[in-house]
Amino acid sequence: MLAVIFVYLYFILLLSRFSSGKKWSMPLLSIVSLFILFSHSWTWYIFVFSLGAFLLLEWRKTVREPVFRKQFGWKMLTVGLTVIVGLVSDIMRTLLVSTSASISVFETVQSNLGVLNTTYLISNLKLTTNFYLGGVFSSGLFMLLFIVGFLFMLTFKSEMSNLLVSWFLVGCLAVLFASGELVFNRFMFLMPSLIFLDLD
């Protein structure tokens with residue numbers, strides 16, 4: 001949960017940097033990113049892939065409207081530095097202790113991701129929805145409002161909406177190729193369900 005809080009804090013600071021362009025915010029973003037990494041490495045990697053998906057969505061906007069090309073360059077630089085600082089810090093940690101976030105996540109991916117299996121996907125989604133977090137997600141109204149909120153978010157064309165949509169879609173992609181229950185549990189826990197619900 002702590003790592004997820006840091007993710008949303010990073011998103012807020014990132015949007016602030018995009019709007020203000022203040023250089024002092026870059027070290028702060030790197031520090032928050034490290035908090036995510038050291039709090040929960042799995043969340044950090046989902047977070048990093050989400051930033052990559054965010055850049056892809058922003059690049060599409062740049063293609064349609066070249067006037068945003070300079071801003072996109074700043075976004076690439078900011079995200080790139082975030083990833084580099086995180087990976088370098090993980091390597092440095094490996095020199096001090098025997099634990100590596102990258103190796104841990106890679107081993108988790110090997111044991112919990114595989115080929116798309118529709119039967120396994122549906123059965124585990126049902127199991128996770130009905131029992132995870134005491135069945136919080138088993139409410140049909142909850143899931144309906146969540147889906148409506150997500151579709152409503154897609155109508156926005158803002159940087160914040162692109163961040164949240166990217167965060168959600170990366171989790172969805174992981175679920176599609178899940179071969180272990182861990183992926184389903186993490187997806188349910190990490191997705192910005194309450195934010196989408198509040199849009200209804």
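Worth saying up front: this structure is predicted, and the values here are computed from it rather than measured.

The rules behind these values
- Residues numbered from 1 in each chain as written.
- Predicted model: local features only at pLDDT ≥ 70, side-chain atom pairs only at ≥ 80, totals over all residues.
- Heavy atoms only, no water.
- Helix = DSSP H or I, 4+ residues; strand = E, 2+ residues; numbered from the N terminus.
- Buried < 20%, exposed > 50% of the residue type's maximum accessible area, 1.4 Å probe, protein only.
- Contact = heavy atoms within 4.5 Å.
- Core = buried A, V, L, I, M, F, W, Y, C linked by side-chain atoms within 4.5 Å.
- Salt bridge = Lys/Arg side-chain N within 4 Å of Asp/Glu carboxyl O.
- Phe/Tyr/Trp six-rings, centres within 6.5 Å; stacked < 30°, edge-to-face > 60°.

A. A look at the overall build of the protein chain. Looking only at helices and strands, one finds 10 helices and 0 strands in the protein chain. Mapped in sequence order, the helices and strands of the protein chain form the string α-α-α-α-α-α-α-α-α-α. Residues counted as buried form 42% of the 200 residues belonging to the protein chain. Long-range pairs, those at least 24 residues apart, make up 74% of the contacts in the protein chain with a sequence separation of at least 6.

B. Expanded view of the nonpolar core. Membership of the largest hydrophobic core comes to 30 residues, with the highest contact counts inside it found for Tyr10, Phe11, Phe47 and Leu51. Of all the secondary structure elements, the ones that give two or more residues to this core are helix H1 (2-20), helix H2 (25-39), helix H3 (41-64), helix H4 (69-96) and helix H8 (159-176). Excluding residues that lie within four positions of it along the chain, Tyr10 makes contacts with Leu29, Val32, Ser33, Ile36, Phe47, Leu51, Thr78 and Thr82. Grouped together as the second largest cluster of nonpolar side chains are 9 residues, Phe146, Leu164, Val175 and Met191 included.

C. Just the pattern of salt bridges, in detail. Taken as a whole and assessed by the stated rule, the structure comprises 2 salt bridges. Notably, a salt bridge pairs Lys75 with Glu58, separated by 2.5 Å at the nearest N-O pair. Pair noted here: Lys75 is in helix H4 and Glu58 is in helix H3, with a separation of 17 residues, a long-range link. According to the relative accessible area criterion, Glu58 is buried, its value standing at 1%. Residues Glu159 and Lys75 are paired through a salt bridge, measuring 2.8 Å at the closest nitrogen-oxygen approach. Here the residue Glu159 occupies a position in helix H8, and Lys75 occupies one in helix H4, the gap between them amounting to 84 residues. Beyond isolated ion pairs, a larger network of salt bridges with shared partners links Glu58, Lys75 and Glu159.

D. Here's a closer look at the packing of aromatic side chains. The full count for this structure, using the stated rule, is 6 aromatic pairs. When the centroid spacing of 5.2 Å and the interplanar angle of 35 degrees are considered together, the rings of Phe6 and Phe35 count as tilted. Linking Phe6 in helix H1 with Phe35 in helix H2, this pair joins segments that are 29 residues apart in sequence. By relative accessible area, Phe6 is classed as buried at 16%. Seen in terms of ring centroids, Tyr8 and Phe11 are 6.3 Å apart; in terms of plane orientation they differ by 70 degrees. Their pairing is edge-to-face. One end of the pair is Tyr8 and the other is Phe11, both in helix H1 and 3 residues apart, which spans about a single turn. Look at Tyr8 and you get partly exposed, because its relative accessible area is 22%. Put simply, the rings of Tyr8, Tyr10, Phe11, Phe47 and Trp167 pair up and form one aromatic cluster.

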